[in-house]
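Structural characterization, general
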Amino acid sequence: MSRILCPALNCDNYLDPLSCRPFISSQVFDKWCDLLCESAVLEIDRCYCPYGDCSVLILNECGGRLKKSKCPKCNKLFCFSCHATWHAGYRCEEARELRDTNDIAFGVLAENKKWQRCPICHHCIERKYGCKIVRCRCGTSFCYKCGNEVVAQGCTYVFDRAYKAEKYAQA
């Protein structure tokens, strides 16, 4: 209801609030502008800062899927996907189960060290050197670079390595 069509015959344009301002009351003009702003915001992905001392409205004006975000007002990190405080090293589903500061400290460490999670059991794996294909203690082999299970989905890194090995053997 915030966009009003021009009343002229055969005109498909919308009225501009600034052009109509001299002809309407200031209360109607203010309400119209508020409705226009609200309708524009409703079309954009948004959330509120999860910190109780802030709670500012944050818009995803760039589009795309956001995760780790920083509040422009309080400068604290939060997850735009699940609208919770930042849960470093944990998926959104796991973040709700965080119990104490040790869980959070481990998540920060895993994120800083860029540890990969097993695609099946989700345990953290640290690879210091060697092949990008690692084996988790649950027995799952996966690519440390992309996180895909080698057998189920395949991995471009595995195929590149196999191709290069085959080409080298033929030479």
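Residues numbered from 1 in each chain as written. Predicted model: local features only at pLDDT ≥ 70, side-chain atom pairs only at ≥ 80, totals over all residues. Heavy atoms only, no water.

1. Comments concerning the packing of aromatic side chains
For clarity, the cut-off: Here is the rule: rings of Phe, Tyr and Trp (six-membered ring for Trp) pair when centre to centre is within 6.5 Å. Planes less than 30 degrees apart are stacked, more than 60 are edge-to-face, and the remainder are tilted. Partly exposed residues are those whose accessible area sits between 20% and 50% of the maximum for their type, while under 20% is buried and over 50% is exposed, using a 1.4 Å probe and protein chains only.
Under the counting rule described, the total for this entry stands at 2 aromatic pairs. Between the aromatic rings of phenylalanine 78 and phenylalanine 80, the centroid separation amounts to 6.3 Å while the plane-to-plane angle is 40 degrees, which identifies the pairing as tilted. As far as burial versus exposure is concerned, phenylalanine 78 and phenylalanine 80 are alike and both buried. Taking 5.8 Å as the distance between ring centres and 45 degrees as the angle between the ring planes, the aromatic pair formed by phenylalanine 106 and tryptophan 115 counts as tilted. For phenylalanine 106, a relative accessible area of 35% corresponds to the partly exposed category.

2. Quick look at the pattern of salt bridges
Definition in use: What counts as a salt bridge is simple: a side-chain nitrogen of Lys or Arg found within 4 Å of a carboxyl oxygen of Asp or Glu. Only DSSP runs of H or I reaching four residues or more are called helices, and only runs of E reaching two or more are called strands; each is numbered from the N terminus.
Inspection of every chain in the model, using the stated rule, returns 2 salt bridges. Here lysine 76 makes a salt bridge to aspartate 53, at a shortest N to O gap of 3.4 Å. With lysine 76 in the loop between β3 (68-70) and β4 (77-79) and aspartate 53 in the loop between β1 (46-48) and β2 (57-59), the pair connects residues that are 23 residues apart, well separated along the chain. In this structure aspartate 53 comes out as exposed when scored by relative accessible area, which is 61%. Between lysine 68 and glutamate 111 there is a salt bridge, with its nearest N and O atoms 3.8 Å apart. Here glutamate 111 lies in helix α4 (residues 101-113) and lysine 68 lies in strand β3, a separation of 43 residues in the sequence.

3. Quick word on the sheet that holds β3
The cut-off we apply is this: A pair of strands is considered paired only if DSSP assigns at least 2 bridges between the two.
A sheet is described by the order of its strands in space; here 3 strands give the open sequence β3-β4-β5, paired in antiparallel fashion. The sheet is open, and its two edges are formed by β3 and β5 (84-85), each paired on a single side. The sheet contact formed by β3 and β4 spans 3 bridges and is antiparallel. Following the sheet pairing, lysine 68 is matched in β4 by cysteine 79.

4. Some words on α4
Put simply, the rule reads: Multiplying 1.5 Å by the residue count of a helix minus one yields the expected span of that helix. Relevant arc is that of directions from the helix axis to the C-beta atoms, nothing else. Residues count as neighbours in contact if any of their non-hydrogen atoms are within 4.5 Å of one another.
Given a rise of 1.5 Å per residue, 13 residues ought to cover 18 Å, and the 18 Å separating the end C-alpha atoms of α4 matches this to within 8%. Among the residues of α4, Asp103, Gly107 and Ala110 are the ones counted as buried. All buried residues of α4 project into a common sector of 65 degrees when viewed along the axis, lining one side. Among the exposed residues of α4, those oriented more than 90 degrees off its buried face are Thr101, Asn102 and Asn112. Contacts made by the buried residues of α4 are with β7 (124-125). Lysine 114 sits one or two positions beyond α4 and adopts a positive phi of about 60 degrees.

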